[in-house]
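Here's the letter readout for the chains.
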Amino acid sequence: MIQNTQLADMRVCIIGAGVIGLSTAQSIYQHFHSRISPLTIEVYADVFTPLTTSDGAAGLWQPYLYDKGNVQETKWNKETFDYLLSCLSSPDSVKMGIFLQSGYNLCPEPLPDPSFKNAVLGFRQLTKRELDMFPGYSFGWFNTALMIEGKTYLPWLMDWLRQRKVKFYQRKIGSFKELADSGADVIINCSGVRSGDLQPDPELQPARGQIIKVDAPWLKHWILTHDSSSGVYNSPYIIPGSRLVTVGGVFQVGNWNLQNSSVDHKNIWEAACKLEPSLQHARIVEDWTGLRPARSKVRLERETIRSGPTSFEVIHNYGHGGFGLTIHRGCAEEAARLFGQILEQKVLLAHSKSRL
Amino acid sequence: MKRVKVLVVGAGVVGLSTAVCVAETLPYCSVTVIAEKFSPDTTGDGAAGILLPKEFPDIPLERQKRWFKESFDHLLAIADSPQASDAGVYLSSGYQIFKDIPSDKKPFWSDFVFGFRYMTDREMKRFPNHKFGQAFTTIKCECLNYLPWLEKRFRAVGGQIIHEKDEEVYPIRGQILKVSAPWLKNFIRDGDGNTYIYPGIRYVSIGGTRQAEDWRLEVDKEDSEGILERCCRLEPSLRGAQVMCEWVGLRPGRANPRVEHEYLHLQGRQVPLVHNYGHGGCGVTLSWGTALDALDLLRQSLFEKPPQARL
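Residues numbered from 1 in each chain as written. Chains lettered and ligands numbered in written order. Predicted model: local features only at pLDDT ≥ 70, side-chain atom pairs only at ≥ 80, totals over all residues. Heavy atoms only, no water.

- The name given to chain B in an unreviewed UniProt entry is D-aspartate oxidase, with the source organism recorded as Cyprinus carpio carpio.
- Checking UniProt for chain B, the heading Cofactor (unreviewed entry) contains the comment "FAD".
- Quoted verbatim from the Sequence similarities (unreviewed entry) heading of the UniProt record, the comment on chain B is "Belongs to the DAMOX/DASOX family." (UniProt positions renumbered as here; feature names shortened; annotations may be inferred.)

- Within an unreviewed UniProt entry, the label attached to chain A reads D-amino-acid oxidase, and the organism entered is Cyprinus carpio carpio.
- Quoted verbatim from the Cofactor (unreviewed entry) field of UniProt, the annotation for chain A is "FAD".
- The UniProt entry for chain A carries the following comment under Sequence similarities (unreviewed entry): "Belongs to the DAMOX/DASOX family."

Written out as C-alpha cells, the structure is:
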C-alpha cells in the first residue's frame, strides 16, 4: 500500500480527449487523488468534444459479437455496462447522456450466442413472428442495452474533471519524449486512431465509418444487422438517439478519408430503408465520417521507454475499434491499475535509494 | 342496386375504424360518419395509444382474443410499412410491473404481443417496490396522426362526414402530463393501471388517474403532483424533464364494450342498429377488432329477416 508521505508531486499527462482519455483521467483521479498529494493530471489533445471520434458514434453499448479469445475485453465490456447501469439511477443520468434502449440483432442464419448475452438485460432469441418483420433475416436476438451519447458524456466528463482541477491543453503532441522532457512522470497514450504518429504500430489501422443522422422520432429500437460475408458494421444499422437517429454502416479498413462519400451515403440509405421502410419519410439532417481505431486487440499495457540515461513510463490505452464507448470504463480502471503498479515500483525505488 | 345507407355515430378511434371497415368492405353501402368531436378533440387524441387490453368479465375469451389480435395485426402491417410515420404507428417495448404477484401472470394477450416474458431479477432491481414484472413489445398508435390518416382512407372510398352532437356514456376521468424526455425509449406501466410512462413520437405521456363518474375536463393540480411523484419514483430521470402540458380525457366507461346489434322501429321500417361503444381505456387497443366485429354484425343484420314489428 502506498502512503501519502512516500510519494509527492506526481504529474500524469494523458494524450487524447476522446472517451478513452477522459475516462482514464477520471479513474486515475478516483483511485489516487487521496493517496498522492499533489497529483497533477493534464490532458493534451488536438481535438476536443464535439470533434472527437467518440462524439460521432451512435452510442450504443454493444461489443462485437465474438471476442475471438480476448476474454479480457469481454470482462472490460461487462464492467462498463454494469458501471453505466449503476449510473442510471443517479440524478446525473440525463446529463451523462445515458439511457436504456431495446433492440434487435438480425442475422441471415443461426449464429452462436454473442459474448455480451449475459451483460445486457433480458437477452433472448427473436421469435418467428418478430423475424417476419425483417425479410432476409431468419435469426436474431432481442435485448435491452444502454446508450451512452458521446456528445453529452464527454462534456459531462470534462466538467467532472475540471471541477477536480484537471487541466486541458489543446496541442498536438509530437512525441512521448516531448512530454517526458517537460517533466511528466507518467504518460498515458489515449490517442486513438493516430497513435501511429507517436509510435508506429502496424496492427493499428483506421476503419472508416460513415453515418447519416435523421429525424425519425417514432423509432424506439435499435436494429443491427450482421452479415458474416461483409464483416462487422459493413451491414445496415439503425440506432435511435436522444434527438436523432443514426443510420449506418460501413467499416472500411485502411481508409483515412474523413470526407463524406455520396456513394457510401446512397448505399447506406438504400439498405436502411429496406430494413425499416418508415425511414423513407424521415428528414435527413447530416452525414458524418469517423475513423475507428481498429486493432486485432486493444493495446492496454505499460511500456518503459529509455531516453538517454533516464527512462519514463507510458501506459498505452488505444485500439478500441468500434467499441470505445462500450469498453471505456473497464479499460480506464485497468489503466488505473497499471498506474498503481508504476507507483509501487517508484515507492520501492525510493525505498531502496534511501537505504544507500 | 340501391345503396344501403349506413350511419356511424362517433368519429373517435372506434367510430372511424368502424366506418373504414364498412366503407372499404361493403361496396353497396354508402357510409356517413356523424359526430360532435373530431381529431384532435376526441378522447383517443390524448391517449398514449399503447396496445394493451384488459380482460372484460362478461365477454367470451375467444371473442376478446379475436378483438385484440385483429387490432394488433392490422396496426403491425401499418408499422411495418412506409406509412408508419404518417399514421403514427410504431413498435414500443417496455415493462409492466406489479407490487404484488398477480393471480394471472400470463394474461390472454401474451401470445399476441411480441416476445412476452417475465422480467429477470436484474431488470427488477430498478423497481425495489415491485415484486414481479412482464416484458414485451407491443404497438403504439398515436391518434393525433392515426385519426386524420383513417379519415383520409375513409374519404378515399367515398365516405362522408357530418358534424353533429352525439350520445354520452359514463366517464372514467383520466389525466396525463406530456413531458419532454426524448431519452426515454421503453414504456413502464404499473399493473394497477394508475401509474405509467409511455414514450411517444414527440413527447412522453405520463399518468394517470381513473376517476369514475367524474366529468371534469379541467386539469387537477393535485392529480398532476401525484402523477409526477409516482412516475419519478419509477423513472428517476424524469425529475429533470420539462412538462409540456397537461390533458384530461373521459374514457367511455362500461363493464364490457357493447358490440351488438338490434333493430329500431323507425317510420314504419325496421332499421338495424349496430352498437360499438364503451371501450373504456381500451379504445385504440380494440378499435380494429371491434370494428371488424361490428362490420360482421352489420352484414348479418342487412341480410337476415328483422323480427316482426310489434303493433
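## Overview of the sheet that holds strand β2 (residues 29-35) of chain B
Residue and element names in this part refer to chain B.
Inference 1: Strand order across the open sheet formed by three strands is β1-β2-β6, with parallel pairing between neighbours. The open sheet terminates on both sides in strands that have one partner only, identified here as β1 (4-9) and β6 (160-163). Here the strands of the sheet are splayed against their neighbours by 25° on average, with no regard to which way each runs.
Inference 2: Alignment of β1 against β2, held across six bridges, turns out to be parallel. Across the sheet, residue valine 6 finds its bridge partner in β2, namely valine 31.
Inference 3: Across the face of the sheet, helix α6 (residues 143-156) comes into contact with β2 and β6 while running at roughly 120° to β6. (Pairing = 2+ DSSP bridges. Helix = DSSP H or I, 4+ residues; strand = E, 2+ residues; numbered from the N terminus. Axes fitted to C-alpha atoms, helices over the stretch in contact; angles between N-to-C directions. Contact = heavy atoms within 4.5 Å.)

## Considerations on the UniProt feature "binding site: FAD" (unreviewed entry) in chain A
Residues and elements named next belong to chain A.
Inference 1: With numbering matched to this structure, UniProt assigns "binding site: FAD" (unreviewed entry) to Thr53, Ser54, Ala58, Gly59, Leu60, Gly321, Gly322, Phe323, Gly324, Leu325 and Thr326. A stretch of 274 residues holds the annotated residues, and the largest C-alpha distance among them is 14.1 Å, short enough that they meet in one place.
Inference 2: Inspection of the secondary structure assignment puts phenylalanine 323 in the loop between β15 (310-318) and α9 (324-355).
Inference 3: Using a relative accessible area of 8% as the deciding quantity, one classes phenylalanine 323 as buried.
Inference 4: Sequence-distant contacts of phenylalanine 323, that is, excluding residues within four places in its chain, are made with Pro63, Tyr64, Glu73, Asn77 and Val298.
Inference 5: Tracing the backbone through its elements, the reader meets glycine 324 in helix α9.
Inference 6: Once residues within four sequence positions are removed from consideration, glycine 324 is found in contact with Val19 and Ile20. (Buried < 20%, exposed > 50% of the residue type's maximum accessible area, 1.4 Å probe, protein only.)

## Let's talk about the pairing of strand β3 (residues 89-98) of chain B
Within a regular strand, the side chains alternate between the two sheet faces.
Residue and element names in this part refer to chain B.
Inference 1: In terms of burial, β3 is a largely internal element, 10 of the 10 residues being buried.
Inference 2: Along β3, one buried face is formed by Val89, Leu91, Ser93, Tyr95 and Ile97 and the opposite face, lined by Tyr90, Ser92, Gly94, Gln96 and Phe98, is buried too.
Inference 3: Sheet topology note: the β3/strand β5 (residues 132-141) ladder contains 10 bridges and is antiparallel. By the bridge assignment, glycine 94 is partnered in β5 with phenylalanine 136.
Inference 4: Direction of pairing for β3 relative to strand β8 (residues 187-190): parallel, over a ladder of four bridges.

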